[in-house]
Amino acid sequence: ETGVTQSPTHLIKTRGQQVTLRCSSQSGHNTVSWYQQALGQGPQFIFQYYREEENGRGNFPPRFSGLQFPNYSSELNVNALELDDSALYLCASSLGGSGTYNEQFFGPGTRLTVL
Amino acid sequence: DQQVKQNSPSLSVQEGRISILNCDYTNSMFDYFLWYKKYPAEGPTFLISISSIKDKNEDGRFTVFLNKSAKHLSLHIVPSQPGDSAVYFCAASERGNNDMRFGAGTRLTVKP
């Protein structure tokens, strides 16, 4: 059973650019959540995908968007990058959808630096 | 708005002693609480959880206590081991809402 993997590990972009981060969920999991963790803070919920549909969104602007594919892997896209977008981006997979409490398994994260 | 707070950024304890990590929350709608542990260069790992219908949950050396009236929970580790050294995050969620809220974390150092 493979765990949650994320790519790339590190990424450096400049302001105004666009970035795509990728996540492969744990085998058998149909739900993926994305979090942003700024330095010295806890993870902040960006959004969740359940069976390829967005299933909840945190307080992030529309330039943060996502996709979930039929194999339940997922992408996080951020347009018009700003300096404050520099953070660790975590992906977590779980089994289940809205209204359920299921343990989330986190990937190691992608460290994004915006210059 | 920080609905989950961990007011101690760091905690240092001696091996074999008890570690107590604290967490406060403001949203009375939260009904499920979790603790995660995070090592450097790894994602958070689920440790233990508690539902609001309980006030205690135990798993080996780890016990979580929930005081709903005070909106406070704590994680007790007994006995503490050097391998427990990590950042611990408290998280809370509300049934039907997928927005899990995390605290800022407490860095625990267990000294041999």
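Being a predicted model, the structure only gives us computed values, none of them experimental.

Colleague: Outline the sheet that holds strand E1 (residues 5–7) of chain A, supporting the account with residue identities and numerical values.
Modeller: Residue and element names in this part refer to chain A. Pairing within the open sheet is antiparallel, and its 4 strands lie in the order E1-E3-E8-E7. Of all the strands in the sheet, the pair left with one neighbour each is E1 and strand E7 (64–68). Adjacent strand axes in the sheet meet at a mean angle of 20° when their direction is disregarded. By the bridge criterion, 5 bridges tie strand E3 (residues 19–24) to strand E8 (residues 74–78) in an arrangement that is antiparallel. Its bridge partner lying in E8, Thr-20 is registered against Asn-77.

Colleague: Before we move on, could you go through the interface of chain A and chain B and cite the residues and values that matter?
Modeller: With 22 residues of chain A in contact, the opposing surface of chain B contributes 20 residues. In total, chain A and chain B occlude about 1,600 Å² of area from one another, counting both sides; carbon and sulfur atoms represent 57% of this. Across the chain A-chain B interface, the total number found is 0 salt bridges. Viewed at the interface, chain B and chain A are joined by 1 residue pair in polar contact (both at pLDDT 80 or more).

Colleague: I'd like to hear about the nonpolar core, residue by residue, with values.
Modeller: Membership of the largest hydrophobic core comes to 23 residues, with the highest contact counts inside it found for Phe-33, Trp-35, Leu-73, Leu-75 and Tyr-88 of chain B. Counting residues per element, the ones that place at least two in this core are strand E3 (19–25), strand E4 (32–38), strand E5 (45–51), strand E7 (62–67), strand E8 (72–77), strand E9 (86–94) and strand E11 (106–111) of chain B. For this core, the element with the most residues is E9 of chain B, which contributes 4 residues. Leu-75 of chain B has contacts with Ser-19, Ile-20, Leu-21, Trp-35, Leu-47, Ile-48, Phe-62, Thr-63 and Tyr-88 of chain B, leaving out every residue within four places of it along the chain. Listed in part, the 20 residues of the second largest apolar core include Val-19, Phe-64, Tyr-89 and Cys-91 of chain A.

Colleague: Describe in detail the sheet that holds strand E6 (residues 56–59) of chain B, supporting the description with residues and values.
Modeller: Residue and element names in this part refer to chain B. One open sheet holds the 5 strands; their spatial order is E1-E3-E8-E7-E6, and the pairing between them is antiparallel. Two strands lie at the open edges of the sheet, namely strand E1 (4–5) and E6, each paired on one side alone. Judged from the 6 bridges that link them, E3 and E8 form a sheet pairing that is antiparallel. By the bridge assignment, Leu-21 is partnered in E8 with Leu-75.

The rules behind each value
- Counting of residues starts from 1 at the beginning of each chain's written sequence and follows it residue by residue.
- By the order in which they are written, chains take letters starting at A while ligands take numbers starting at 1.
- This being a predicted model, a pLDDT of at least 70 is required before a residue's local features are given, and a value of 80 or more before pairs of side-chain atoms are given or counted; all residues contribute to the totals for chains, interfaces and linings.
- Hydrogens are left out, water is left out, and the side-chain values use all remaining heavy atoms of the structure.
- The pairing criterion for strands is at least two bridges between them, as found by DSSP.
- The numbering of helices and of strands both runs from the N terminus, where a helix is a DSSP run of H or I of at least 4 residues and a strand a run of E of at least 2.
- Helix axes use the C-alpha atoms of the stretch in contact, all axes being lines fitted to C-alpha atoms, and the angles between their N-to-C directions lie in the range 0 to 180 degrees.
- A contact between two residues is defined here by any heavy atoms of the two lying within 4.5 Å.
- What gets called buried area is simply the loss in accessible area from a 1.4 Å probe that two parts show on being joined, summed for both.
- Counted as salt bridges are all cases of a side-chain nitrogen of Lys or Arg within 4 Å of a carboxyl oxygen of Asp or Glu.
- Throughout this description, a polar contact denotes any pair of N or O atoms lying within 3.5 Å of each other; where both atoms belong to protein, one of them has to be capable of donating a hydrogen while the other can accept it, and for residues adjacent in sequence the pair is counted only when both atoms sit in side chains.
- Working definition of a nonpolar core: buried Ala, Val, Leu, Ile, Met, Phe, Trp, Tyr and Cys residues. They are joined through side-chain atoms within 4.5 Å.
- Only protein chains enter the accessibility calculation, which uses a 1.4 Å probe; a residue is then buried when its area is under 20% of its type maximum, exposed when over 50%, and partly exposed in between.

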